Amino acid sequence: MLTAMIVMFVIGYIFIALEHQTGINKTAIALLLGILLWVMYIFSGPQIIVGADPAAFQNFIHQHPAYEHLSPLAQVREYILNWEIIDHLGNISEILFYLIGALTIVETIDVHQGFDGITRSVKTKNKKKLLWLVAFITFFMSSVLDNMTSAIVMMMLIQKLLSEQRERWIFGSIIIIAANAGGAWTPIGDVTTIMLWINDNITSGNIMKGLFLPSVISLAIPVWLVSYSLKSNSITTPSPTSGVSSLYLGKQEQTSILIIGILCLLAVPIFKSLTDLPPFAGILFTLGFLWFYTDCLYNRKKTDLTGLKYRIPDVLTKVDFSTILFFFGILMAVAALEAIGLLHQLSDLLNSGIHNVYIITGIIGFLSSVIDNVPLVAAAMGMYPLTAPATAGGISETAYLLNFVSDGNFWKLLAYCAGTGGSILIIGSAAGVVVMGLEKISFTWYMRHISWIAITGFLAGIGIYYLQNLINSYLCRQMIRSCS
């Protein structure tokens, strides 16, 4: 059954990757795959199910004495239904509710055209300066907003500024790299960092401190290399867009929605540190605040029924629930592979064969250029359980196992590599796919002209992270010596 589940996962993933060729939406495949793997798992037999994690099964039976008299088949059914699937569903639901809240806040800002102020602020007429400016606006924007929204906003700006297709493709490629690099260094910048943060693999302060410089380098080097292919010709400054919602709200009120929306997203890590409640609680709380604020604005305006389309109940209809369901399906599929023990077997194989977190995460980074980074990170989290510092310190190979404690090197490198590795191919990230769709960038053109540049930045960022660790270790040793 284990082999059959692997084959099913591979077939499902091929169909997901060939979504545009087959015309079958990837969400449909992900939902079928996620549930089919759990069906296969529940019919795999007591010996396989118990053998995947004997300690967890015995602990479940010990906590539920009423199941002891049941047959082995009935026991494993109860174990799956009342423990495993509920446990995985709880972890997945935390991620999905967070995404729903975050996407609703972003969509509310966009509906009120709050991002127009960002695009109007770009006034340079030098293309090289524009490239650097667009790159770092996208970088910081995607550290707070989702990568896809950041890419769309900046690509719309470029389409207004540049008429030559080749230059738009170059700028679009840099926007992809910038969006992925920006999403890697904050806990709310990307779905994968959100997953790691929610699971306590990383903390907000440490991930930002550890990955900011590598992420900047992974962007700065590609921008520097690409800038040589641009001519410093003048460009036309775009005319300000007139917001439809200005019929109901003034410019100051629209700006206030942008500021409050951004603050709502930034407040989630603070909320978590103060209350210890999971991030989904913080994002739903701040969404409630934004909802309350916008309702008060429109109630004061006493708008007609047309104005209702700017309120959050209508905004919720614009949230991409297809993507939410895709994440649900793919995460359920990965959870089934974890439940049957496959991911732990893979981790043992990598540990015995490679035994180096830089190489392992580097491989994951290259894989993320082909495979969606969400299942990759979910698989890595299943392969390498979070290690407690006390446990790591009490057994052999302490130095290696410390890479897997909270804020360990493995988790930070995983966030960096899975995020920035998606820039190596244009299909490797949501930002890449959306820019590809907006500008019809050729897959082969991107691979010939941009992939090697993205790889250079990707590897340089890993090198910077390694140097940071060496410097920090040296400073720590010096401090210990001075104290002794």
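No experiment lies behind these values; they were computed from the predicted model shown.

Trainee: When you look at the overall build of the protein chain in this model, what are you seeing that I'm missing?
Mentor: Check the secondary structure of the protein chain and you find 25 helices and 0 strands. The C-alpha radius of gyration of the protein chain comes to 24 Å, within 12% of the 23 Å expected for a compact globule of 484 residues. Here the C-alpha coordinates of the protein chain stretch approximately 75 × 60 × 55 Å along the principal axes. Counting only contacts in the protein chain whose residues sit at least 6 apart along the sequence, the fraction spanning at least 24 positions is 77%. Of the accessible surface of the protein chain, which amounts to about 21700 Å², a share of 67% is contributed by carbon and sulfur atoms. For the protein chain, the distance from the average position of its 26 positive side-chain charges to the average position of its 27 negative side-chain charges is 18 Å.

Trainee: Help me understand the packing of helix α3 (residues 26-42) against helix α16 (residues 321-339), please; the structure alone is not making it clear to me.
Mentor: If you want to describe how two helices pack, look at the angle between their axes and the distance between the axes. It is the contact of α3 with α16, at a shortest axis distance of 8 Å, that shows an interaxial angle of 25°. Relative to α16, the element α3 is oriented roughly parallel. Crossing of α3 against α16: the hand is left-handed. Here K26, T27, A30, L31, L33, G34, L37, W38 and Y41 of α3 come into contact with α16, specifically with S322, L325, F326, F328, G329, I330, M332, A333, A335, A336, L337 and A339. Its residues assigned to classes, the contact of α3 with α16 shows 16 nonpolar, 4 polar and 1 charged.

Trainee: Would you mind showing me how to read the environment of Y384 here?
Mentor: If you trace the backbone, Y384 turns up in the loop between α19 (373-383) and α20 (389-393). Assessed through its relative accessible area of 4%, Y384 is described here as buried. Taking the C-alpha atoms as reference, Y384 lies 51 Å from G250; in sequence the two are 134 residues apart.

Trainee: In this structure, what is going on with the nonpolar core? I would like to understand it.
Mentor: Membership of the largest hydrophobic core comes to 140 residues, with the highest contact counts inside it found for L37, Y41, Y98, M195, L265, F410 and W411. Beyond its immediate sequence surroundings of up to four residues, Y41 is in contact with M5, I49, Y79, I80, E84, A339 and I340.

Trainee: Quick question: what am I supposed to make of a nonpolar patch on the surface here?
Mentor: A grouping of M1, I35, V39, F43 and I48 is seen on the molecular surface, where their side chains present a nonpolar patch of about 440 Å² in accessible area. Tracing the chain through its elements places I35 in helix α3.

Trainee: Mind showing me how you'd approach the state of the cysteines here?
Mentor: In protein structure, a disulfide is the covalent linkage between the sulfur atoms of two cysteines. Applying the stated rule across the entire model yields 0 disulfides. Residue C264 stays outside any disulfide, its sulfur separated by 14 Å from that of C296, the closest cysteine. C296 sits in the partly exposed class, given a relative accessible area of 38%.

Trainee: Would you explain the side chain of S143 in this entry?
Mentor: Along the polypeptide, S143 turns up in the loop between α8 (127-142) and α9 (147-161). Its relative accessible area of 5% is what places S143 among the buried residues. With residues near it in sequence (within four places) discarded, S143 still touches G182, W185, T186, I188 and G189.

Trainee: Looking at this structure, I do not really get the confidence of the model for the protein chain. What am I missing?
Mentor: For any part of a model where pLDDT is low, the fine detail of the predicted coordinates should not be relied upon. For the protein chain, per-residue confidence averages 83 on the pLDDT scale, and residues scoring 70 or more make up 90% of the total. Averaged pLDDT values for the elements of the protein chain fall to 57 in α20 and rise to 94 in helix α12 (residues 204-227). Segment residues 237-247 is flagged for pLDDT under 50; beyond a separation of four residues in sequence, or across chains, it makes 24 contacts in the model.

Trainee: Just to check I follow, could you spell out helix α1 (residues 2-17) for this structure?
Mentor: Since one α-helical turn is 3.6 residues long, residues separated by three or four positions face the same way. The terminal C-alpha atoms of α1, which comprises 16 residues, lie 23 Å apart, in line with the 22 Å expected from a rise of 1.5 Å per residue. Buried within α1 are the following residues: M5, F9, G12, Y13 and I16. Along the axis of α1, the buried positions cluster into a sector of 100°, meaning they face one direction only. The inward-facing, buried residues of α1 abut α2 (19-22), α3, α16 and α19.

Trainee: What is the right way to look at unusual backbone geometry in this model?
Mentor: Not every positive phi belongs to a glycine, and D200 is a case in point at roughly 70°. Along the polypeptide, D200 turns up in the loop between α11 (191-198) and α12.

Trainee: Help me out: how do you make sense of the pattern of salt bridges in this one?
Mentor: Where side chains of opposite charge bring their charged atoms close, a pairing between them can arise. Scanning all chains against the criterion turns up 5 salt bridges. Between R168 and E439 there is a salt bridge, with the nearest N and O atoms lying 2.8 Å from each other. Here R168, found in helix α10 (residues 165-184), pairs with E439, found in helix α23 (residues 430-439); they are 271 residues apart in sequence, far enough to count as distant. For the pair R168 and E439, a shared accessibility class is recorded, and that class is buried. One salt bridge in this structure joins D200 and K272, with 3.2 Å as the shortest N-O distance. Within this pair, whereas D200 is found in the loop between α11 and α12, its partner K272 is found in helix α13 (residues 251-275), the two being separated by 72 residues in sequence. Judged by relative accessible area, which is 18%, K272 ranks as buried.

Trainee: I tried to follow α12 on my own but got confused; where do I start?
Mentor: With 24 residues, α12 extends 33 Å between its outermost C-alpha atoms, agreeing within 8% with the 34 Å of an ideal straight helix rising 1.5 Å per residue. Its axis deflected by about 40° at L211, α12 carries its strongest bend there, up to four residues before the proline P214.

Trainee: I would appreciate a short explanation of the side chain of N180 in the present structure.
Mentor: Relative to the assigned elements, N180 resides in helix α10. What makes N180 buried here is its relative accessible area of 3%. Apart from the residues lying within four places of it in its own chain, the contact partners of N180 are N147, G419, T420, G422, S423, S429 and A431.

Trainee: Sorry if this is basic, but what is going on with the packing of α8 against α12 here?
Mentor: Where α8 meets α12, the closest approach of the two axes is 10 Å, and the angle between their N-to-C directions is 155°. By the angle between their axes, α8 is roughly antiparallel relative to α12. Note on packing geometry: the crossing formed by α8 with α12 is right-handed. Mapping the contact onto sequence places K128, L131, W132, A135, F136, F139 and F140 in α8 and F212, S215, V216, L219, A220, V223, W224, V226 and S227 in α12. Of the residues belonging to the contact of α8 with α12, the class tally is 13 nonpolar, 2 polar and 1 charged.

Trainee: Would you explain the packing of aromatic side chains in this entry?
Mentor: Where two aromatic rings form a pair, the distance of their centres and the angle of their planes describe that pair. Scanning all chains against the criterion turns up 27 aromatic pairs. The interplanar angle of 55° and the centroid separation of 6.3 Å between the aromatic rings of Y358 and Y465 together place this pair among those described as tilted. In this pair, Y358 is assigned in helix α18 (residues 357-367) and Y465 in helix α25 (residues 451-483), connecting sequence segments 107 residues apart. Comparing Y358 with Y465 shows no difference in burial state: the two are buried. Summarising the aromatic geometry, the rings of F404 and F410 are spaced 4.9 Å apart at their centres and angled 40° between planes, so their arrangement reads as tilted. Taking relative accessible area as the criterion, F404 reaches 3% and is therefore assigned buried.

What counts, and where the lines are drawn
- Residues numbered from 1 in each chain as written.
- Predicted model: local features only at pLDDT ≥ 70, side-chain atom pairs only at ≥ 80, totals over all residues.
- Heavy atoms only, no water.
- Helix = DSSP H or I, 4+ residues; strand = E, 2+ residues; numbered from the N terminus.
- Rg over C-alpha atoms; globule rule 2.2 N^0.38 Å.
- Contact = heavy atoms within 4.5 Å.
- Areas by Shrake-Rupley, 256 points an atom, 1.4 Å probe, with all protein chains shown as cover.
- Lys, Arg positive; Asp, Glu negative; His and termini not counted.
- Charge placed at Lys NZ, Arg CZ, Asp CG, Glu CD.
- Axes fitted to C-alpha atoms, helices over the stretch in contact; angles between N-to-C directions.
- Parallel < 35°, antiparallel > 145°, perpendicular 65-115°, else oblique.
- Left-handed = near helix turned anticlockwise from the far one by under 90°.
- Nonpolar A, V, L, I, M, F, W, Y, C, P; charged D, E, K, R; others polar.
- Buried < 20%, exposed > 50% of the residue type's maximum accessible area, 1.4 Å probe, protein only.
- Core = buried A, V, L, I, M, F, W, Y, C linked by side-chain atoms within 4.5 Å.
- Patch = residues over 30% accessible without salt bridge, like charges linked within 9 Å, V, L, I, M, F, W, Y side chains within 5 Å.
- Salt bridge = Lys/Arg side-chain N within 4 Å of Asp/Glu carboxyl O.
- Disulfide = S-S within 2.5 Å.
- pLDDT = per-residue confidence, 0-100.
- Expected span 1.5 Å × (residues − 1).
- Arc of directions from axis to C-beta.
- Bend = angle between axes of the 7 residues up to and from the residue.
- Phe/Tyr/Trp six-rings, centres within 6.5 Å; stacked < 30°, edge-to-face > 60°.

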